[in-house]
Amino acid sequence: IYVGEGAGDFCPACDLAEGDALLCRAPPSPPHLEFGLRRRLLEASTSSPGLRTRHGHPASVVATVHEWRSGDDVAALVAALVTAPG
């Protein structure tokens, strides 16, 4: 389980494997429209050719992404993920 919100969290998110969970902060209220991690996830999902990991490989995230808005959301997601079967 990795929790992030900023653009600096994107490279660690690319290191996660299938079956891992990435908790990504959801878009905030205006005037802020995006957090860096979510923006980079969107760029990677649209096959942005210039987006690369810190190792120089094409960027992709294979972990399951869960959005959160508050600390309560994070606590609930972590509790659900650690008690989920499998």
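Residues numbered from 1 in each chain as written. Predicted model: local features only at pLDDT ≥ 70, side-chain atom pairs only at ≥ 80, totals over all residues. Heavy atoms only, no water.

## Comments concerning the side chain of Asp9
Thinking step 1. Mapped onto the fold, Asp9 is located in the loop between strand E1 (2–4) and helix H1 (10–14).
Thinking step 2. There is no salt bridge for the buried Asp9, and the closest opposite charge comes from Arg54, which lies 8.9 Å off by N-O distance.
Thinking step 3. In terms of polar contacts, Asp9 uses its side chain to reach the side chain of Tyr2, at 2.7 Å.
Thinking step 4. Leave out the neighbours within four places in its chain, and Asp9 touches Tyr2, Gly4 and Leu37. (Helix = DSSP H or I, 4+ residues; strand = E, 2+ residues; numbered from the N terminus. Buried < 20%, exposed > 50% of the residue type's maximum accessible area, 1.4 Å probe, protein only. Lys, Arg positive; Asp, Glu negative; His and termini not counted. Salt bridge = Lys/Arg side-chain N within 4 Å of Asp/Glu carboxyl O. Polar contact = N/O pair within 3.5 Å; in protein donor to acceptor, adjacent residues only side chain to side chain. Contact = heavy atoms within 4.5 Å.)

## Observations concerning the sheet that holds E1
Thinking step 1. Spatially, three strands are ordered E1-E2-E3 in an open sheet, and the strand pairing comes out parallel. With one partner strand each, in any of the chains shown, E1 and strand E3 (64–68) form the two edges of the open sheet. Geometrically, the sheet is characterised by an average inter-axis angle of 25° between neighbouring strands, direction not taken into account.
Thinking step 2. On top of the sheet, helix H2 (residues 36–45) reaches E1, strand E2 (21–25) and E3; it is set at about 120° to E2, its chief contact.
Thinking step 3. Along the sheet, helix H3 (residues 71–83) makes contact with E1, E2 and E3, crossing E3 at roughly 145°. (Pairing = 2+ DSSP bridges. Axes fitted to C-alpha atoms, helices over the stretch in contact; angles between N-to-C directions.)

## A look at the pattern of salt bridges
Thinking step 1. The tally for this structure, following the rule as stated, stands at four salt bridges.
Thinking step 2. When the shortest N-O distance is used, the salt bridge between Arg54 and Asp15 registers 2.2 Å. With a gap of 39 residues between them, Arg54 in the loop between H2 and E3 and Asp15 in the loop between H1 and E2 connect regions that are remote in the sequence.
Thinking step 3. With a closest N to O distance of 2.7 Å, Glu67 and Arg38 form a salt bridge. Placement of the pair is Glu67 in strand E3 and Arg38 in helix H2, with a sequence separation of 29 residues.

## Thoughts on the confidence of the model for the protein chain
Thinking step 1. Taken as a whole, the protein chain shows an average pLDDT of 88; of its residues, 93% reach a score of 70 or greater.
Thinking step 2. Per-element confidence in the protein chain ranges from a low mean pLDDT of 88 for H2 to a high of 97 for E1. (pLDDT = per-residue confidence, 0-100.)

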